[in-house]
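If you want the building blocks of each chain, they are given just below.
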Amino acid sequence: MKLAAIKIGTGRLNQDRARDNTIMILAALLLSVLTSILFYLQALGYNGGYPSDLPAHISQAMYIQNYSIVFILMKWVFTWTHFLIYSMGLLQGLTVGAAMICTTLVIEQLFDLDKYISMAISFCLLFLTNIYVPYLFPRYYKGSIISQPWHNITYNSMRPIAVLTMLTFAYLHEIYKKEKRIAWNYWIMTCLLLVLATMVKPNFLMGFAPGLLVFLLIDFFGKRNTFKNEFLLGCVALPAIAVLPIQAKLLFNEANGIMFAPSLFFFDDGPVIFIMKFVTALPLPIMVYVYNRHRLVNGAGVAAWGYVWSVLEGMFIMEDGDRKTHGNFLWGLEIMGYILFMYVYSMFLRDFKEYRNGTVEKTGKRKAYFIVGFILAALHVITGFRYFVWVCHGYHFYV
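Residues numbered from 1 in each chain as written. Predicted model: local features only at pLDDT ≥ 70, side-chain atom pairs only at ≥ 80, totals over all residues. Heavy atoms only, no water.

## Side note on the pattern of salt bridges
Opposite charge on two side chains permits them to pair, given that their charged atoms come into close proximity.
At step 1: The full count for this structure, using the stated rule, is nine salt bridges.
At step 2: For Glu179, the salt bridge goes to Arg181, with nearest N and O atoms at 2.6 Å.
At step 3: Of the residues examined, Arg181 reaches a relative accessible area of 38% and is grouped as partly exposed. (Salt bridge = Lys/Arg side-chain N within 4 Å of Asp/Glu carboxyl O. Buried < 20%, exposed > 50% of the residue type's maximum accessible area, 1.4 Å probe, protein only.)

## Comments concerning the packing of aromatic side chains
At step 1: Within the structure shown, the criterion is met by 42 aromatic pairs.
At step 2: Taken together, a centroid distance of 5.6 Å and an interplanar angle of 55° make the contact between Phe348 and Phe370 tilted. Linking Phe348 in helix H16 (residues 331-357) with Phe370 in helix H17 (residues 364-392), this pair joins segments that are 22 residues apart in sequence.
At step 3: Ring plane angle 45° and centroid distance 4.5 Å describe the contact between Trp390 and Tyr395, whose orientation is recorded as tilted.
At step 4: Among the residues examined, Tyr395 registers a relative accessible area of 42% and is labelled partly exposed.
At step 5: Put simply, the rings of Tyr291, Phe348, Phe352, Tyr355, Tyr369, Phe370 and Phe374 touch in pairs and so form one group of aromatic residues.
At step 6: When the ring centre of Tyr338 is taken as origin, the NZ or CZ atom of Arg159, which lies over that ring, is 5.3 Å away.
At step 7: The ring of Phe266 has Lys277 lying over it, and the distance from NZ or CZ to the ring centre is 5.0 Å. (Phe/Tyr/Trp six-rings, centres within 6.5 Å; stacked < 30°, edge-to-face > 60°. Helix = DSSP H or I, 4+ residues; strand = E, 2+ residues; numbered from the N terminus. Lys NZ or Arg CZ within 6 Å of the ring centre and 35° of its normal.)

## Points about empty space enclosed by the protein
At step 1: Enumeration according to the criterion identifies one cavity of 30 Å³ or more in this entry.
At step 2: Looking at the largest cavity, its volume works out to about 40 Å³.
At step 3: Along the walls of the largest cavity sit Phe265, Gly314, Ile317, Met318, Glu319, Arg323, Lys324, Gly327, Asn328, Phe329 and Leu330, which together make up its complete lining.
At step 4: Broken down by element, the lining of the largest cavity gets its largest block of residues, three residues, from strand E2 (residues 317-321). (1 Å grid on protein atoms, 1.4 Å probe; cavity = no way out; pocket = protein on both sides within 12 Å on 5 of 7 lines; lining within 4 Å. Points joined across faces, edges and corners; volume = space filled by probe spheres on them.)

## Some words on the side chain of His173
At step 1: Mapped onto the fold, His173 is located in helix H6 (residues 153-179).
At step 2: The exposure class assigned to His173 is buried, which follows from its relative accessible area of 5%.
At step 3: Those residues within four positions of His173 in sequence are excluded, and the remaining contacts are Phe215 and Leu233. (Contact = heavy atoms within 4.5 Å.)

## Some points on the layout of surface pockets
At step 1: Put simply, the largest pocket is a space of about 1000 Å³.
At step 2: If you trace the largest pocket, you find 44 residues lining it, with Glu319, Arg323, His326, Asn328 and Trp331 closest to the centre.
At step 3: At the level of elements, helix H2 (54-63), helix H8 (203-222), helix H11 (244-251), strand E1 (256-260), helix H12 (264-267), E2 and H16 are the ones that each hand at least two residues to the lining of the largest pocket.
At step 4: Of all the elements, H11 adds the most residues to the lining of the largest pocket, at five residues.
At step 5: Residues of the lining of the largest pocket, tallied by class, amount to 23 nonpolar, 15 polar and six charged. (Nonpolar A, V, L, I, M, F, W, Y, C, P; charged D, E, K, R; others polar.)

## Describing unusual backbone geometry
At step 1: With a phi angle near 55°, Tyr50 is a residue other than glycine that sits in the positive phi range.
At step 2: In this fold, Tyr50 is placed in the loop between helix H1 (2-44) and H2.
At step 3: Since its relative accessible area comes to 13%, Tyr50 is described here as buried.
At step 4: For His82, which is not glycine, the phi dihedral falls at a positive 60°.
At step 5: Relative to the elements of secondary structure, His82 occurs in the loop between helix H3 (69-80) and helix H4 (85-111).
At step 6: Overall, the relative accessible area of 68% leaves His82 in the exposed class.

## Some remarks on the environment of Thr79
At step 1: If you trace the backbone, Thr79 turns up in helix H3.
At step 2: The partly exposed category is assigned to Thr79, whose relative accessible area is 39%.
At step 3: Along the primary structure Thr79 and Met62 are separated by 17 residues, whereas in three dimensions their C-alpha atoms are 9.0 Å apart.
At step 4: Polar side-chain contacts of Thr79 include one of 2.8 Å to the backbone oxygen of Lys75. (Polar contact = N/O pair within 3.5 Å; in protein donor to acceptor, adjacent residues only side chain to side chain.)

## Observations regarding the packing of H6 against helix H7 (residues 184-200)
At step 1: Running from amino to carboxyl end, H6 crosses H7 at an angle of 160°, the nearest separation of the two axes being 8 Å. As far as their axial angle goes, H7 and H6 are roughly antiparallel. Handedness of the H6/H7 crossing: left-handed. Mapping the contact onto sequence places Thr154, Ser157, Met158, Ile161, Leu164, Thr165, Thr168, Phe169, Tyr171, Leu172 and Ile175 in H6 and Tyr186, Trp187, Met189, Thr190, Leu193, Leu194, Leu196, Ala197 and Val200 in H7.
At step 2: Looking at the contact of H6 with H7 residue by residue, the class counts come to 15 nonpolar, five polar and no charged. (Axes fitted to C-alpha atoms, helices over the stretch in contact; angles between N-to-C directions. Parallel < 35°, antiparallel > 145°, perpendicular 65-115°, else oblique. Left-handed = near helix turned anticlockwise from the far one by under 90°.)

Written out as C-alpha cells, the structure is:
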C-alpha cells in the first residue's frame, strides 16, 4: 500500500510538473508571437515609424562580414523563408520567449520559488526600466542604467544565454566555495555558454569577467580557497575572452576604435540627470542586497560586481569615429542590470515568503522593508509597461 501511494504521488507530481512546463512554454510562445508583430513593424519601418536597429541588422546580415553569429542565423532564416520580412520579426520574438523560459527556470532552480511566481518575475524583467520621475527623470530608455531594449536583436539573443550562464556558474561557484573544489561539468558548461554569449554579443562577458575577478581577488587576499582553485575558476572566462580580439578586428578599423574618456551618455546631461540615473534604478537592489548581505549565494555577489563594472565601462569607455554616438558600451550595464534584478526580485520574494510563513520574526523593520520594496518594484514594472506601450505605438525608442 505504501509503495502504491508513493507511485501515485510521484505520478501526480510528474503530471503537475509536465502541466506547469507546458503552460510556461505556451505562454512563452504566445509572448513570442505577440512581440513578433512589433518587431515585424520595426523591420518594415511601418508608416515611417517604429524605428529600431532591425532593418540595419538585416542589411548587415545579408551583405557585411559580421562579429555576431546571430547575423549568420538571420541570413540563413531570411534566405530559407525566401526573404520574408516577418521571419525576422518572428526570430526576434522567439528570443524574447526564450529569455522568459530561461529566466523562469533559473529563478526556480536557484531560489526554490513556485513556477508561476518565477514566470511572473521573468515576465516583469522583460519590461525592466528605471523609474520614471516627472521633471527630474522623465525618461524610459535614454539615460537609463537598467532599462531593457525592444529594438536590438543581438541583445535579445544574448540575454537568454547570459541567464543560463549564471545558472551553471552558480552551481560551479557554490561547489567551489563549500567543497573547495572545481566541478568540471559545471566549469565546462559555464565556459561554453560564455563563449556562445560572447559570439552573440560581447557585453555580458565584459561585465561578468571583471565581476568574477573581484571575487577571486577577495578570495585570494582573504585566503578563502586554494590558489589552484582560484586560478582554475578564473580560467572559465579565458576562452570567451579570446573571442574579443576577433570581434574587435571585425568591428574596428582606421576610422573608428575605442577611447577612454568620460562618456557623453553619462556626463552630457547635467548633474541632476546624472544623479537621477542612479536614484531611479538602485534603491531596490541596494535595499535587498543589504537585507540579504549574509546569504548572497548562487552567484548574487558576482552579478552585483559585474553590474558595477558594467556601469563604470559605460561611464568611461566609448567608441570614437563614426560610431561614437552608437552607445555600444552601454549594453553591458543593461544585461547586467537584467541579471542583477533577476537576483533582486527573486531574493525579495523569497524574503517575503519567509516572512509570510513565519520563518523569520515579523518586526516593524521587516514590514517597512516589504512595503517599500513592493512599491519600488511596482514602479519599475509600471514604468516598463508604459515604455513598451510607447514603443508599440511606433514612437522612437530613445526617450
